[in-house]
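Read off the chains here:
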Amino acid sequence: MASKIVSLVVNATEREFIARPGDSLLSALRDSLGLTAAKRGCAQGGCGTCTVRVDGRAVPSCLVAVETIEGGAVQTLEGVAADGELDEVQSSFVDNFATQCGFCTAGMIMAAEALLETNPDPSEADVAEAISGNVCRCTGYRSIVNAILDAARRRATATPSIERVAR
Amino acid sequence: MTVRAVHVPESAETAAALVAAGGRVMGGGTVVMPLVNNGGAIEPEWVSLRRAGLDAIRVSEGTAGIGAATTLSAIEAHPALGFLRPAVRSIASPAVRNLATVGGNLFVAQPYGDLAVCLLALDATCEIAGPGGLRVAAVADVLTAGIAAGELVQAVQVPLPGGGTWYYHKAMRRRLNSASIVTVAAVAVLASGVVASVRIALGGVAPRPVRAAAAERALVGRPLTHDVLDEAGRAARTDIEPFDDAYASVWYRTRVLPVHLRRAFLGPD
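Residues numbered from 1 in each chain as written. Chains lettered and ligands numbered in written order. Predicted model: local features only at pLDDT ≥ 70, side-chain atom pairs only at ≥ 80, totals over all residues.

Before going further, it helps to examine helix α7 (residues 114–121) of chain B. All names here are of chain B. Extensive coverage of α7 is indicated by the burial of eight of its eight residues. Listed as buried for α7 are D114, L115, A116, V117, C118, L119, L120 and A121. Positioned one or two residues after α7, D123 has a phi angle of 60°, which is positive. (Buried ≥ 20, exposed ≤ 12 C-beta atoms within 10 Å, placed from the backbone. Helix = DSSP H or I, 4+ residues; strand = E, 2+ residues; numbered from the N terminus.)

In C-alpha cells, the structure reads:
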C-alpha cells in the first residue's frame, strides 16, 4: 500500500501530511494534525461527534476518505474561535448550559455553524433537522436546540465583524 | 483486509477504466468508509467518484439526468427536483446527505435506499459504463439483477412526473434520520376521477425496492378513496418479502403496509 502526501487547507492554514489508503479525514485531523476537537465516536457516520465542515458543508469526517478531498478547505471546532474569542454559537452553548459531558459538543457546534451560515433565522424544526445526525447521550437536546436558536439571535443583533463580512 | 488504494479519478473515463480493471466503487463513502474504518473493507482497491465529474444535474424536456456522484443534498437543493425533497429529507441526516450519492443509494441494503424506491416508481433508467461501452438499463433491472463486475453506473435518467401525480410517504421510528419501516413512492395519473395509470414502489418490505403490482392492479380504473386504497394496500401484501430487523418485525411491516400505502395518497388520517 502506497501512502500519499495530502494537502488540505485546515482552519485557513495549508497543512501537508502523510495518509495511508482509506485513512479518514477524522484520523488525519486527530492523529496526523493533532486537532482533537472532532471526536472518534462510532466510526460509521451514525453519531455525528466527528462533524467538521468541508468546503463549508457539515460532514461526518469519519466517512470522508481524506485523499478524495485533496486541496479542500476544512474547518474544525479549533478554527471557529481562531482569534481566541468564542463566537456566538460557542458562547451561546456556554450560557445556555448546552454542554454536559462534552463529547457531542464539537460536532453539534459544527453542525450549527453550517446551518446558521445558510439559514441565519432557523425555526426550531430547522435546528432539529440540522442536528438530527448528532447524538447527545446525555440527552441534553433541549438546551442544545435553545443554544443554537439563541446563537442565531445573537448573530442577528451582533455588529458584523470585518472577518464575517469578508467571508 | 488492508486497503491498498483509494483511486480518485478526475474523469468519468478514468473512473470507468479503474472499475473495469477491478476497482470497487466508493460513492460518497457513507457505506464503504464504515467498513474501511473497522478493517472490514472487503476490497483492497476502491475508486472514489468524488472528482470524476459525475455530479451534474441536467434537466430538459421532462427528464432529469443526474450524475451518479450527485449528492442527496444537491438533489434537495435543485429547483427542478423539488418533488423529491420530502423523500431526500427522509433519508439520514443533513451531514450524511452532504456525502451520500444517488448512485450509491441504488446499491445500499434495505431498509435504506429510499431514493432508489423513488427511482423505481419513476421508471428511471441507469447509464452504465462497462468494458463493452455504455449501456442503458431500467432501474428496476439494476435493483433486481445488479450490474456486472467491472461496470459503473454513471448517471440516472429520471422522467419528471406531471404536476400532482407524485406521492411519497415513509414510516419510520423517528420523524428524522431513521431507516424505513415502510416506504411508498408512486406516480398516479387520474382521468375523470379514476386512476388511469399508476406505478407504486415499496421500500422497507423486501430485500430490495419492489413494485407493488397487485396494488397497482387494484387501483386502475378506480378512485383514490379510503376504501379502495385499503383494498390496494391489502393486495400489496402479496408484493412483499418483509424481514425482521431492529426497526420492525415481519409481522409489523405486513400489518401496517396498507395504512401507509393509503397515507401515501391521502395523507395522515
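Residues and elements named next belong to chain A. Along helix α1 (residues 25–32), the residues that are buried comprise L25, L26, S27, A28 and L29. Those residues of α1 that are buried are in contact with β2 (13–19) and β5 (73–75). G34 occupies a position one or two residues after α1 and carries a positive phi of about 70°. (Contact = placed C-beta atoms within 7 Å.)

Before going further, it helps to spend a moment on the sheet that holds strand β10 (residues 182–191) of chain B. Residue and element names in this part refer to chain B. On the basis of which strands lie adjacent, the open sheet formed by four strands has the order β9-β10-β11-β12 and antiparallel pairing. Looking at the sheet topology across the chains shown, the edges are occupied by β9 (166–171) and β12 (210–211). Relative to strand β11 (residues 194–203), β10 runs antiparallel, the two being bridged by nine bridges. Residue pairing for β11: V184 is matched across the bridge by L202. Relative to β11, α7 is tilted by about 150°, and along the sheet it contacts β9, β10, β11 and β12. (Pairing = 2+ DSSP bridges. Axes fitted to C-alpha atoms, helices over the stretch in contact; angles between N-to-C directions.)

With that settled, consider the packing of helix α2 (residues 88–95) of chain A against helix α3 (residues 105–118) of chain A. All names here are of chain A. It is at 10 Å that the axes of α2 and α3 come closest, and there the two elements cross at 130°. Looking at the two axes, α2 sits oblique to α3. Where α2 crosses over α3, the two elements pack in a sense that is right-handed. Counting all contacts with α2, which are made through V89, Q90 and F93, the residues of α3 involved are T105, I109, A112, E113 and L116. Tallied by class, residues from the contact of α2 with α3 come to five nonpolar, two polar and one charged. (Parallel < 35°, antiparallel > 145°, perpendicular 65-115°, else oblique. Left-handed = near helix turned anticlockwise from the far one by under 90°. Nonpolar A, V, L, I, M, F, W, Y, C, P; charged D, E, K, R; others polar.)

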